[in-house]
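Understanding the architecture of this molecule
Chain residues, written in single-letter form:
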Amino acid sequence: MIALPTPPTLSEPSTMVKTSYLVGEQADMLHRGSDTTWLRGASHDFDSFVADRVGVRQRWRVPSELFWFTSGEYYIGSLVIRHQLTSDEGGGHIGYHVVYPWQRQGHATRMLQDALVKCSALGIENALLTIAPENTASLTVMRRHGGIADGVNDEGDLRFWIKTLAAS
Ligand SMILES: CC(C)(COP(=O)(O)OP(=O)(O)OC[C@H]1O[C@@H](n2cnc3c(N)ncnc32)[C@H](O)[C@@H]1OP(=O)(O)O)[C@@H](O)C(=O)NCCC(=O)NCCS
């Protein structure tokens, strides 16, 4: 197991983790059988790639913020916080992934913990997560933070509310 220089934190996207980001995302995409062509543009001009992702941006028609879970030069995964829910509440408040080489080391569990603290600071007292019923890993991560089930959305994803104040 690689020893990280410090415990990873949710940080704004940064060029500091360029190599680790590109290699990690490429490994993850190949593992999932997903298209990797977007990595060509990202590796060609990583400065612009990062600049386009920093700060609160209007995405899915709501204010959203992207974080990278990093330690020093190491990139581990990404997490998005929607400051408001979309009209159909699809995707919930928090979405995340840990790239394949870093999975099953507790990173998603810690990443979600940090995200709940950020949500609490934004005034979100209950954060909505939507998870595909077959996504055992994400369901485990959610349950570790005490999610309360709230039915199924139009896409067939399960809905869960997590109290953010309990996390701080
Ligand atoms: C879901 C995901 C973020 C979990 O990341 P992770 O860093 O591996 O999660 P953790 O290490 O905190 O694991 C939590 C627990 O889930 C379970 N788990 C993790 N991966 C699993 C897998 N592939 N199969 C079954 N259970 C799994 C394990 O119980 C694990 O704990 P353990 O290894 O101590 O037993 C990661 O698998 C991922 O990015 N998947 C693709 C994107 C995604 O599904 N995002 C969530 C959308 S709601």
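Refer to the structure printed above.
Cut-off values and rules
- Residues numbered from 1 in each chain as written.
- Predicted model: local features only at pLDDT ≥ 70, side-chain atom pairs only at ≥ 80, totals over all residues.
- Heavy atoms only, no water.
- Helix = DSSP H or I, 4+ residues; strand = E, 2+ residues; numbered from the N terminus.
- Polar contact = N/O pair within 3.5 Å; in protein donor to acceptor, adjacent residues only side chain to side chain.
- Contact = heavy atoms within 4.5 Å.
- Near = heavy atom within 4 Å.
- Areas by Shrake-Rupley, 256 points an atom, 1.4 Å probe, with all protein chains shown as cover.
- Nonpolar A, V, L, I, M, F, W, Y, C, P; charged D, E, K, R; others polar.
- Phe/Tyr/Trp six-rings, centres within 6.5 Å; stacked < 30°, edge-to-face > 60°.
- Lys NZ or Arg CZ within 6 Å of the ring centre and 35° of its normal.
- Salt bridge = Lys/Arg side-chain N within 4 Å of Asp/Glu carboxyl O.
- Buried < 20%, exposed > 50% of the residue type's maximum accessible area, 1.4 Å probe, protein only.

Description of the side chain of His 145
Looking at the secondary structure, you find His 145 in the loop between α5 (136-143) and β7 (148-152). For His 145, the side chain forms a polar contact with the main-chain oxygen of Thr 109, separated by 2.9 Å. Setting aside chain neighbours within four positions, we find His 145 in contact with Thr 109, Leu 112, Gln 113, Leu 116 and Ile 162.

Thoughts on the site of the ligand
Taken together, 18 residues sit near the ligand, with Tyr 96, Arg 104, Gly 106, Thr 109 and Asn 135 positioned nearest. Take Tyr 96: an N or O atom from its main chain is 2.8 Å from a nitrogen atom of the ligand. For the ligand, an oxygen atom lies 3.0 Å from a polar atom in the backbone of Ala 108. When the ligand sits alone it has 910 Å² of accessible area, and the protein chains cover 72% of it. Counting only elements with at least two residues in the shell around the ligand, the list comes to β5 (94-98), α4 (107-121), β6 (126-131) and α5. Ranked by the residues each element gives to the shell around the ligand, the list is headed by α5, at four residues. Residues that form the shell around the ligand fall into these classes: six nonpolar, 10 polar and two charged.

Observations concerning the packing of aromatic side chains
The tally for this structure, following the rule as stated, stands at 10 aromatic pairs. Cluster of aromatic residues (ring-pair linked, three or more members): Tyr 21, Trp 38, Phe 46, Phe 49, Trp 68 and Tyr 75. Directly above the aromatic system of Phe 49 lies the positively charged group of Arg 53, at a separation of 3.6 Å from the ring centroid. One residue, Arg 82, lies across the ring of Trp 60, its end atom 4.1 Å from the ring centre.

Quick notes on the pattern of salt bridges
Once their charged atoms are close, side chains differing in charge can pair, the charge on each being opposite to the other. As enumerated under the stated definition, the model contains three salt bridges in all. The salt bridge involving Arg 159 is made with Glu 89; its shortest N-O contact spans 2.8 Å. With Arg 159 in strand β8 (residues 158-163) and Glu 89 in the loop between β4 (74-82) and β5, this pair connects stretches of sequence that are 70 residues apart. Across the pair Asp 150 and Arg 159 runs a salt bridge whose closest N-O atoms are separated by 2.9 Å. Overall, the relative accessible area of 33% leaves Asp 150 in the partly exposed class. What you see here is one network of salt bridges that share partners, running through Glu 89, Asp 150 and Arg 159.

Taken by themselves, the reported measurements are silent on function.
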